[in-house]
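Notes for the structure review
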Amino acid sequence: MSKTGFFGAASLTLDGKGRLTVPARHRETLQTEAKSQLAITKHPDGCLLVFPQPVWEPFRDRVAALPMEALAWKRVFLGFVSEVEIDGASRVLIDPVLRAYAGLQRDVLLMGIGSHFELWDAGRYAEREQQVIAQPMPDAIKGFTY
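Reading guide: rules and limits
Residues numbered from 1 in each chain as written. Predicted model: local features only at pLDDT ≥ 70, side-chain atom pairs only at ≥ 80, totals over all residues. Heavy atoms only, no water. Helix = DSSP H or I, 4+ residues; strand = E, 2+ residues; numbered from the N terminus. Rg over C-alpha atoms; globule rule 2.2 N^0.38 Å. Buried < 20%, exposed > 50% of the residue type's maximum accessible area, 1.4 Å probe, protein only. pLDDT = per-residue confidence, 0-100. Pairing = 2+ DSSP bridges. Axes fitted to C-alpha atoms, helices over the stretch in contact; angles between N-to-C directions. Parallel < 35°, antiparallel > 145°, perpendicular 65-115°, else oblique. Left-handed = near helix turned anticlockwise from the far one by under 90°. Contact = heavy atoms within 4.5 Å. Nonpolar A, V, L, I, M, F, W, Y, C, P; charged D, E, K, R; others polar.

Moving on, we get to the overall build of the protein chain. Helix and strand counts for the protein chain stand at 6 helices and 8 strands. Along the protein chain, helices (α) and strands (β) appear in the sequence β-β-α-β-β-α-α-β-β-α-β-β-α-α when read from the amino end. Over its C-alpha trace the protein chain gives a radius of gyration of 16 Å, about what one expects of a compact globule, namely 15 Å for 146 residues. By principal-axis analysis of the C-alpha atoms, the protein chain measures approximately 45 × 40 × 35 Å. For the protein chain, the proportion of its 146 residues judged to be buried stands at 41%.

Our focus in this paragraph is the confidence of the model for the protein chain. With 97% of its residues at a pLDDT of 70 or more, the protein chain shows a mean pLDDT of 94. By mean pLDDT, helix 6 (residues 139-142) is the weakest element of the protein chain at 84, and strand 8 (residues 117-121) is the strongest at 98.

Among the 5 residues of strand 4 (residues 48-52), 5 are classified as buried, and the element is accordingly described as predominantly covered. The alternating pattern of strand 4 places Leu48, Val50 and Pro52 and Leu49 and Phe51 on opposite faces, both of which are buried. By the bridge criterion, 5 bridges tie strand 3 (residues 37-42) to strand 4 in an arrangement that is antiparallel. Bridging from a neighbouring strand, Leu38 pairs with Pro52 of strand 4. Joining the antiparallel neighbours strand 3 and strand 4 is a turn of 5 residues, in which Gly46 adopts a positive phi near 95°.

The next subject is the packing of helix 2 (residues 53-64) against helix 3 (residues 71-78). Across the interface, helix 2 lies against helix 3 with an axial gap of 9 Å and an inter-helix angle of 155°. If you check the angle between helix 2 and helix 3, you find them roughly antiparallel. The handedness of the crossing between helix 2 and helix 3 is left-handed. Across the interface between the two elements, Trp56, Phe59, Arg60, Val63 and Ala64 of helix 2 pack against Lys74, Phe77 and Leu78 of helix 3. When grouped by side-chain class, the residues that make up the contact of helix 2 with helix 3 number 6 nonpolar, no polar and 2 charged.

The antiparallel open sheet is built from 6 strands, whose spatial order is 1-7-8-4-3-5. Only two strands of the sheet have a single partner each, and these edge strands are strand 1 (6-13) and strand 5 (82-85). Taken pair by pair, the neighbouring strands of this sheet meet at an average axis angle of 25°, ignoring direction. Relative to strand 8, strand 7 (residues 107-114) is paired through 5 bridges, and the arrangement is antiparallel. Note on strand 8: the bridge partner recorded for Leu109 is Trp120. Contacts from helix 1 (residues 24-33) reach strand 1, strand 3, strand 4 and strand 8 within the one sheet, and its direction differs from that of strand 1 by about 115°. Taken strand by strand, helix 2 contacts strand 3, strand 4 and strand 5, and its axis lies near 115° from that of strand 4.

Okay, here's the thing in structure tokens:
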């Protein structure tokens, strides 16, 4: 996808039909490199994964190739995927089933985390972040300096 990836959070509002407007800073990349095509599916943490189509396809193929013992996870990732297009007004419709799963009502947070995005209910994310911060830092990041 983009050489630099997608990073940062945007506070957004779902409209009455369950659509969100793609932040301006990501529109051009998504239009040119993903041809405005996105795939949205469940994330085990209770948010949604939002993939540009070129990033989704290899992820989808890796999940599809998992052995039968991972069938339940195939259902989570592949069984609920919604492939959508960014419309002419730069909006994306979030499937009602996916909105219900992630608890998306109105105020949402779209977080770029590299090759893809996470879409969170703003309140749910704030609670989750507090839980994470209250835990000890994992060994993998204890040595980071900032």
